[in-house]
Amino acid sequence: MLNPRSPIPLYHQLADILLERIRSGIYSPGQMIPSETGLAKQYSIGRPTVRQAMDTLVQKGLIQRKRGSGTFVKHLSPQVDLFSLAGTSQAFLTKGVPIETKIITPMAPIKISRNPENPFNNRTAFFLSRLTLTRDNPVLLEDIYLDPELFKGIDRMDLANQSLAQVVSDHYFLTPETGTQQFKVETLNLERAKWLALSPSDPILRVKRTLNFPQAPNGIFSILFCRTDVFDFSQTIQSEDRPGGHPI
């Protein structure tokens, strides 16, 4: 029940009650929750207070109003901690999401030119393009550039359905010390849109990631195109004294 003597506003208390019922499965995805009138009567409060509580849950993305039908619990997208220091493959596996990695462009040396945002500009780098699928649905496209001196021989390895982070760790005994990531929403060119089963006009999350290794700054540079309509991609933030793994 609500406590009118609590310093916590009544609408906030009601929002917490509804949130707990959603999390516990009492209100399951797709289910209609009680109306504002019904909740106001049940908790002996005014409809404006109920509306504030509902607005809070709408803003959190937990419920949605359908005009003429009522208010329903949303079907939440699975959340994958893609931008932490655990690696893209490991991010899916940690959540129990089965994945398949399809190599689009096999690892090979290429000369980078006219691309000042790429740390390998005017140099040669190993390049790999791969597509991650879950249950045959494309969710992530990655263009990855690696320092050819730091990762000698990696172009001769079979990287299909392997964690690149694990390969770097097991074969080269390397762990990135620091890194940077830049996030932007943009549209795709025709080729990338085709791989991700999207229209070129569909917005997508693009992430540019640079990893720095001991004695090798900018050792790996990658560009990720993430389908946020399939997964909610998140990022774990840790303090500097708790280093993570390998975000590759």
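From a predicted model like this one, the values you see are computed outputs, not experimental measurements. (Residues numbered from 1 in each chain as written. Predicted model: local features only at pLDDT ≥ 70, side-chain atom pairs only at ≥ 80, totals over all residues. Heavy atoms only, no water.)

## Things to note about the environment of Thr 178
Under the convention used in this document: Helix and strand assignments come from DSSP, with helices taken as H or I runs of at least 4 residues and strands as E runs of at least 2, each series counted from the N terminus. Classification of residues uses two cut-offs on accessible area relative to the type maximum, computed with a 1.4 Å probe and protein chains only: under 20% is buried, over 50% is exposed, and between them is partly exposed. Should any heavy atoms of two residues lie within 4.5 Å, those residues are considered in contact.
Inspection of the secondary structure puts Thr 178 in strand S7 (residues 178-186). Assessed through its relative accessible area of 47%, Thr 178 is described here as partly exposed. Sequence-wise, Thr 178 and Thr 210 are 32 residues apart; in three dimensions their C-alpha atoms are separated by 8.6 Å. Those residues in contact with Thr 178 that sit more than four places away from it in its chain are Thr 210, Leu 211 and Asn 212.

## So, the pattern of salt bridges
Formally: Salt bridges are identified by distance alone: a Lys or Arg side-chain nitrogen within 4 Å of an Asp or Glu carboxyl oxygen.
Using the criterion set out here, one finds nine salt bridges in the structure. Ionic pairing is found between Arg 51 and Glu 36, a salt bridge with its closest N-O pair at 3.2 Å. Of this pair, Arg 51 sits in helix H3 (residues 47-59) while Glu 36 sits in helix H2 (residues 36-43), and the two are 15 residues apart along the sequence. On the basis of relative accessibility, which here comes to 32%, the residue Arg 51 falls in the partly exposed class. Arg 123 is the partner of Asp 147 in a salt bridge, and the nearest nitrogen-oxygen pair spans 3.9 Å. Residue Asp 147 is located in the loop between strand S6 (137-146) and helix H5 (164-172), and its partner Arg 123 is located in the loop between strand S4 (100-111) and strand S5 (124-134); the two are separated by 24 residues in the primary sequence. One connected set of salt bridges, linked through shared partners, spans Glu 36, Arg 47 and Arg 51.

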